[in-house]
Amino acid sequence: MARGRLNSGNAAEQELPKAKINRRSLHNIKQLFNYLKPYRLKFAGAMFFLFLSSLTGLAFPKLVGGLVDAASHSLKQGLLPGNLNDIGLIALAVLFAQGFVSFFRVTWFVQIAENALADIRRDTYFKLITLPMDFFANRRVGELNSRISSDLSQIQDTITTNFAEIIRQITLMIGGIILMAMVSGKLALVILVILPLLIPSAILFARYTRKISRAAQDELAASNTIVQETLLGIASVKAFVNEAFEAARYDKSIRNVARLGIKGATVRGLFAAFVVFIGFGVIFCMVWYGAHLVLIKDLKFGELIQFVIYAMMVSTSLASLPEQYANIQRTVGASERVIEILNDKGESVNIIESENRIKQKIEGNLSFNNVQFHYPSRPEIEVLKGVSFDATAGQKVAIVGPSGSGKSTTASLILQFYHPQNGELLFDGKPASAYSLTDIRKQVAIVPQDVILFGGTIRENIAYGKLGATDEEIEQAAKRANAYDFITGFPEGFSTVVGERGVKLSGGQRQRIAIARALLKNPSILILDEATSSLDSESERLVQEALEELMKGRTSIIIAHRLSTIREADQIIVLEKGVIVESGNHDELLQNESGLYRYLSSLQFEV
Ligand code: ADP
């Protein structure tokens, strides 16, 4: 699967890995080509123009040769008229045609690529956010994000330029060779003998430089990782007075980058010297032999010039092909990764935003029936080992237990982030599978321990509970969540921007916003993951009041960290290592002298 490979990428700035081009990878690319289908007419047009513009490119050496011959002999050369001005006019017409054609070729390719890429981006993004939670547990989200954006830009580059370049260069090369042979078969033969001798050595050089530059890139990525790690953990670096150690570690890595860079430059320098010597050598030999042919009147002067320009054109095209081929290989790799995400199985959620209606109502009865569960990423650790309990509509059920006992996992299962391997969850007596995923999630709300707000306004953040809620509904929800006063206390009120670029809200304030959000959503089942860090007593009172308001008339599953808040719960479930060891209400549980609840209570001085 894609996962292993997605993980292996180091940093976004690193050159994308190349993939072998074979039947399977071509099949993958075909899927991406489907995105070009809506634009196929334009694509065909752009290809045709591209071909035309390459052909007009081939006309120039001919025109230059014609001009020279017209100047020296005033003789007619081949198809061209013998008159200087006539040739000039033809050249102008060709230039104009080429400009015209080039404009459309460039803009059309970009239009196609931009539109097709927008479609691919939309689909990958949607696929990504609908992939099951497990997908995200295994990867660093930032990496995934940068990876996908660099993969997609690679594909975009290919559609806009890479493609066009390859076709142009191949046309120029083949056309150039044919025209060279037509101008002078003898000269063309000389080139055809010399070139094959040069190409292998050029390839060897190029391979070696690439190897070094890849090593330099890896080392650079490693040194960037050092920077990233130390900046993230800067508090630890300072607390352990390890600045000098980190600096030395970084220095060592960066020296390696420099060493590899210099080594690469030396090889490139040698290569440049080789190319200059041999390249110019070949041209020189050609002109030498050509001049000889001119002397014995086997070739016209203009034809020699024409031939030399064609030879340069052909060799530039030839030289650009390896880079273009490498680019195509990178695109094949990039599209494989994108395709793998596109083909991954997502959760079946509503695709259409406006389809907000709940189809199957849930009253709020919830049962766990012998639920056994392990996280797909860690099959060897059974997190829930046959958990059964019932919560009837409107009840408050608290789940307590030491950390790691499976409380949050239970909440994730209710939200259908994961599904049990054995046993089942029942909503109103019907198995979860009888409902659509969207219906369940629309009727279950969670107020998490650590509320993360999106970087928009407070109004938008509350409205997240019910897209399209009216201002009145939002204010009403804020009032019931004890949040109205502090919100209107800000100069911009509900339009205050929160998050990185806005105000920083306290933990208690964030929680009340999350409560307002949940109130707007008006769920039948509510999950409260109690904040572990204690709020100051004033905000705790406000949050507690807001929670009481929120819990009214709904089934509430409270993941309790402080036992003081759950005395009133109808049922307390005590989890230990994924097993329910006790259940009952507060008073009942305290009766059990050797029970875990009584023990935990005593730790919190609650007895
Ligand atoms: P609690 O909420 O009671 O502290 P959790 O439900 O968070 O406990 O965790 C129960 C067990 O599941 C722990 O051993 C934890 O390491 C493991 N666990 C939690 N989340 C994941 C996950 N996404 N992938 C794999 N294992 C997990």
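What comes next is a walk through the structure. (Residues numbered from 1 in each chain as written. Predicted model: local features only at pLDDT ≥ 70, side-chain atom pairs only at ≥ 80, totals over all residues. Heavy atoms only, no water.)

### Describing the sheet that holds strand β7 (residues 525-529)
- Strands sit in the order β6-β7-β8-β3-β9-β10 across an open sheet of six strands; the sheet is mixed. Of all strands in the sheet, those with a lone pairing partner are β6 (444-447) and β10 (579-584), marking the two edges. Shown here is a sheet whose adjacent strand axes are inclined to one another by a mean of 20°, direction ignored.
- With four bridges joining them, strand β3 (residues 396-400) and strand β8 (residues 555-559) adopt parallel strand pairing. Residue pairing in the sheet places K396 in a bridge with S556 of β8.
- Contacting β3, β6, β7, β8 and β9 (571-576), helix α11 (residues 407-414) crosses the sheet at an angle of about 150° to β8.
- Against the sheet, helix α16 (residues 507-521) makes contact with β6 and β7, and its axis sits at roughly 175° relative to β6, the strand it touches most. (Pairing = 2+ DSSP bridges. Helix = DSSP H or I, 4+ residues; strand = E, 2+ residues; numbered from the N terminus. Axes fitted to C-alpha atoms, helices over the stretch in contact; angles between N-to-C directions. Contact = heavy atoms within 4.5 Å.)

### Thoughts on the site of the ligand
- Taken together, the neighbourhood of the ligand is formed by 13 residues, with G404, G406, K407, S408 and T409 sitting nearest.
- Between K407 and the ligand, the recorded distance is 2.9 Å, taken from a backbone N or O atom to an oxygen atom.
- Burial of the ligand by the protein amounts to 70% of the accessible area it has alone, namely 560 Å².
- When grouped by side-chain class, the residues that make up the shell around the ligand number four nonpolar, seven polar and two charged. (Near = heavy atom within 4 Å. Polar contact = N/O pair within 3.5 Å; in protein donor to acceptor, adjacent residues only side chain to side chain. Areas by Shrake-Rupley, 256 points an atom, 1.4 Å probe, with all protein chains shown as cover. Nonpolar A, V, L, I, M, F, W, Y, C, P; charged D, E, K, R; others polar.)

### A look at the nonpolar core
- Core analysis: the biggest nonpolar cluster contains 47 residues, and I462, I515, L550, I566, I572 and Y597 have the highest contact counts within it.
- The element that contributes the greatest number of residues to this core is α16, accounting for seven residues.
- When residues no more than four places from it in sequence are discounted, the contact partners of L550 are V447, I515, A518, L519, L526 and L528.
- Counting residues in hydrophobic clusters, the runner-up holds 29 residues, among them V371, L415, I557 and I559. (Core = buried A, V, L, I, M, F, W, Y, C linked by side-chain atoms within 4.5 Å. Buried < 20%, exposed > 50% of the residue type's maximum accessible area, 1.4 Å probe, protein only.)

### Regarding the packing of aromatic side chains
- The tally for this structure, following the rule as stated, stands at 22 aromatic pairs.
- Between the aromatic rings of F48 and F49, the centroid separation amounts to 6.2 Å while the plane-to-plane angle is 35°, which identifies the pairing as tilted.
- Residue class for F48 comes out partly exposed when judged on its relative accessible area of 48%.
- Relative to F490, the ring of F486 lies with its centre 6.2 Å away and its plane at 90°, an arrangement referred to as edge-to-face.
- A residue is classified by how much of its surface remains accessible, and F486, at 13% relative accessible area, is buried.
- One aromatic cluster in this structure is built from F48, F49, F100, F103, F104 and W108.
- For the cation-ring pair, K479 lies above Y484, with the distance from its terminal atom to the ring centre recorded as 4.7 Å. (Phe/Tyr/Trp six-rings, centres within 6.5 Å; stacked < 30°, edge-to-face > 60°. Lys NZ or Arg CZ within 6 Å of the ring centre and 35° of its normal.)

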